[in-house]
Amino acid sequence: MSAPTTPHAPAMPPEFLDLAERVNNWGRWGADDEIGTLNLVTDEVVRAAAATVRTGRRVPLALPLRQDGVQTGAIPGRVNPLHTMVQINQPLAGPGSVATSDDAVTMGLQAATHWDALPHASHSGRIYNGRPADTITAHGGAGFSSIATAAYVVSRGVLLDVARAKGLERLPVAHAVTPEDLDEAEEFGGVTVGAGDIVLVRTGQVRVYLAGDRKGYGFPSPGLSVRTPEWFRARDVAAVANDTLTFEIFPPEIENLWLPVHALHLVEMGMPQGQNWDLEKLSTACGEERRYGFLLSATPEPFAGATGSPVAPVAIF
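How each quantity is defined
Residues numbered from 1 in each chain as written. Predicted model: local features only at pLDDT ≥ 70, side-chain atom pairs only at ≥ 80, totals over all residues. Heavy atoms only, no water. Core = buried A, V, L, I, M, F, W, Y, C linked by side-chain atoms within 4.5 Å. Buried < 20%, exposed > 50% of the residue type's maximum accessible area, 1.4 Å probe, protein only. 1 Å grid on protein atoms, 1.4 Å probe; cavity = no way out; pocket = protein on both sides within 12 Å on 5 of 7 lines; lining within 4 Å. Points joined across faces, edges and corners; volume = space filled by probe spheres on them. Helix = DSSP H or I, 4+ residues; strand = E, 2+ residues; numbered from the N terminus. Nonpolar A, V, L, I, M, F, W, Y, C, P; charged D, E, K, R; others polar. Arc of directions from axis to C-beta. Contact = heavy atoms within 4.5 Å. Salt bridge = Lys/Arg side-chain N within 4 Å of Asp/Glu carboxyl O. pLDDT = per-residue confidence, 0-100. Pairing = 2+ DSSP bridges. Axes fitted to C-alpha atoms, helices over the stretch in contact; angles between N-to-C directions.

## Describing the nonpolar core
A general tendency of soluble globular proteins is for nonpolar side chains to be buried together.
Here's step 1: Counting residues in hydrophobic clusters, the biggest one holds 58 residues, and the most contacted among them are Trp115, Leu200, Phe232, Trp277 and Leu282.
Here's step 2: Membership of the second largest hydrophobic core comes to 9 residues, among which are Leu118, Ile127, Ala133 and Phe144.

## Examining empty space enclosed by the protein
Here's step 1: On inspection of all chains with the given rule, the structure shows 1 cavity of 30 Å³ or more.
Here's step 2: In terms of lining, the largest cavity is formed by 16 residues, of which the most central are Leu38, Ala117, Ile147, Ala150 and Pro272.

## Points about unusual backbone geometry
Here's step 1: The residue after Phe219, namely Pro220, is reached through a cis peptide bond having omega -10°.
Here's step 2: Here Pro220 lies in the loop between helix 6 (214-218) and strand 10 (223-224).
Here's step 3: With an omega of 5°, the peptide bond between Phe250 and Pro251 qualifies as cis.
Here's step 4: Counting through the fold element by element, Pro251 comes out in the loop between strand 11 (239-242) and helix 8 (260-269).
Here's step 5: One non-glycine residue, Asn89, lies in positive phi territory at about 45°.
Here's step 6: Looking at where Asn89 falls in the secondary structure, it is placed in strand 2 (residues 82-91).
Here's step 7: A relative accessible area of 56% means that Asn89 is categorised as exposed.
Here's step 8: Residue Asn276 is not a glycine yet carries a positive backbone phi of 60°.
Here's step 9: When you line up the elements, Asn276 lands in the loop between strand 12 (273-275) and helix 9 (280-289).

## A closer look at the layout of surface pockets
A water-sized probe, rolled over the atoms, reveals where empty space remains.
Here's step 1: In this structure, the largest pocket encloses a volume near 330 Å³.
Here's step 2: Every residue lining the largest pocket is counted, 17 residues in all, and those nearest its centre are Ile75, Leu245, Thr246, Phe250 and Leu259.
Here's step 3: Take the lining of the largest pocket: its biggest share by element is 3 residues, from helix 6.
Here's step 4: By residue class, the composition of the lining of the largest pocket is 7 nonpolar, 7 polar and 3 charged.
Here's step 5: Lining the second largest pocket are Ile35, Leu38, Asn39, Val41, Thr42, Asp43, Val46, Thr149, Ala150, Ala151, Tyr152 and Val154.
Here's step 6: Considering only residue class, the lining of the second largest pocket consists of 8 nonpolar, 3 polar and 1 charged.

## Overview of helix 4 (residues 179-189)
Here's step 1: Among the residues of helix 4, those classed as buried are Pro179, Asp181, Leu182, Ala185, Glu186 and Gly189. The buried residues of helix 4 occupy one face: seen down the axis, they fall within an arc of 155°.
Here's step 2: Buried residues along helix 4 sit against strand 7 (154-161), helix 3 (162-165), strand 8 (176-177), strand 9 (198-202) and helix 7 (228-234).
Here's step 3: Within two residues after helix 4, Gly190 carries a phi angle of roughly 60°, on the positive side.

## Comments concerning the pattern of salt bridges
Here's step 1: Following the criterion strictly, the structure yields 17 salt bridges and no others.
Here's step 2: Between Arg131 and Asp32 there is a salt bridge whose closest N-O contact spans 3.4 Å. Of the two residues, Arg131 is situated in the loop between strand 4 (114-116) and strand 5 (136-137) and Asp32 in the loop between helix 1 (14-23) and helix 2 (43-50); the sequence distance between them amounts to 99 residues.
Here's step 3: In this structure Asp32 comes out as exposed when scored by relative accessible area, which is 60%.
Here's step 4: A salt bridge links Glu280 to Arg202; the shortest N-O distance between them is 2.9 Å. Taken together, the residues Glu280 in helix 9 and Arg202 in strand 9 connect sequence positions 78 residues apart.
Here's step 5: Residue Arg202 is classed as buried on the basis of its relative accessible area, which comes to 0%.
Here's step 6: In this structure, a network of salt bridges that share partners links the residues Asp161, Arg164, Glu169, Arg202, Arg207 and Glu280.

## A few points about the confidence of the model for the protein
Here's step 1: In the predicted model, the protein carries a mean pLDDT of 95, and 97% of its residues have values of at least 70.
Here's step 2: Counted against residues more than four places away or in other chains, residues 1-9, with its pLDDT under 50, gives 23 contacts.

## Thoughts on the sheet that holds strand 7
Here's step 1: Strands sit in the order 1-15-13-7-9-11-12-4-14 across an open sheet of 9 strands; the sheet is mixed. Strands at the two margins of the open sheet, each flanked by one partner only, are strand 1 (58-60) and strand 14 (308-310). Taking each pair of neighbouring strands and ignoring which way they run, the sheet shows an average axis angle of 30°.
Here's step 2: As defined by bridge partners, strand 7 adjoins strand 13 (residues 293-297) across 5 bridges and the pair is classed as antiparallel. Along strand 13, the bridge assignment pairs Ser155 with Leu296.
Here's step 3: Each of strand 7 and strand 13 is contacted by helix 2, which is oriented at about 60° to strand 7, the strand it contacts most.
Here's step 4: Packing against the sheet, helix 8 makes contact with strand 4 and strand 12, and its axis sits at approximately 135° to strand 12.

Okay, here's the thing in C-alpha cells:
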C-alpha cells in the first residue's frame, strides 16, 4: 500500500516539508498500523540480536528515578518522581502476622529515562499515519498508537559513540550531530547499522547531569540534526535514543523551528525515540568488549493511552 499524501499546513518551512516527504512512512505497514518502525524488529532480527550475547555482561542504561532528577520545571507538568510510602510494615492479619510496605509515585511519564510514543509529537494537525492530532483527549489520552502498543522492544542495540569517535568525553553544546558524525561513529565502533537495529547515540551530555548540574544538562545541549532522520530512514532503524534531555540540538538549528527532529521521527517516520539514557557505562563496556553491537532489552511500561513511558533498558554482551 502506498503512503497517503501527507497534509501539511503552510506554516512549516519548505526545508522541513522536503525532509518530511523523504522520510515519510505513512501507509508503509498499512493504514491502521500503530507501531511504525517497530515493525522492522522481526523474529529474524531478534534471533540475530540474541546471537550477539557471548559473555552475559549486563549494563544498565537508566537514570535513577528520584525527586531531584533531570526535570527543573522548564516543561510544565513534567515533574520528577514524588515518592510516598502509603503503608509501612502493616500487618496483614493482625499483630505478629506478615507485614508489608507499599509505595506510591506521582511523576511525569517522560521525567527521566523514557521512550516517546508516536503521538508525543504532532504537526500540521496530524500524528503518525495521518491520524488527526485531536484524537488525543484529556480523558482518554492517545487512543491511537499509545506507548502501550510498543508491547516489546527487544532488538540489537548499536552504540554510535559520536563523542569518543572524536576523541572527546562530551560534545560541545552547540554541536548538531550530522550523518557524517554517525558514519564516523560507525567506523570508530567497527559496526554497521542495519534494519531493525535500535541506535543509541552518545554525545556525553549526560555527564553534566551526573556531575550535579541539572540546569546545565538541559540547556544548551548538543543533539541530533534535522539531517539525521534521512540517515536512520535509509538504514531502516527501528528506534533511536540518546543521552540528552531534548534529544535534538537545542536551541534549534533552524530559527523558530522547534523540535523538528521529534516531528520527523515520531510523526513522519513512526519511529520511537528515547531521551535521558545514561550511556556512560555502556561506552566503557563497548570499549572493553571491543564491540559496539549487543542485545538490548528496552520495553516501556505499557501505560494505556500514554504518549511516553519510563524504561529501564539493559544492554547485554
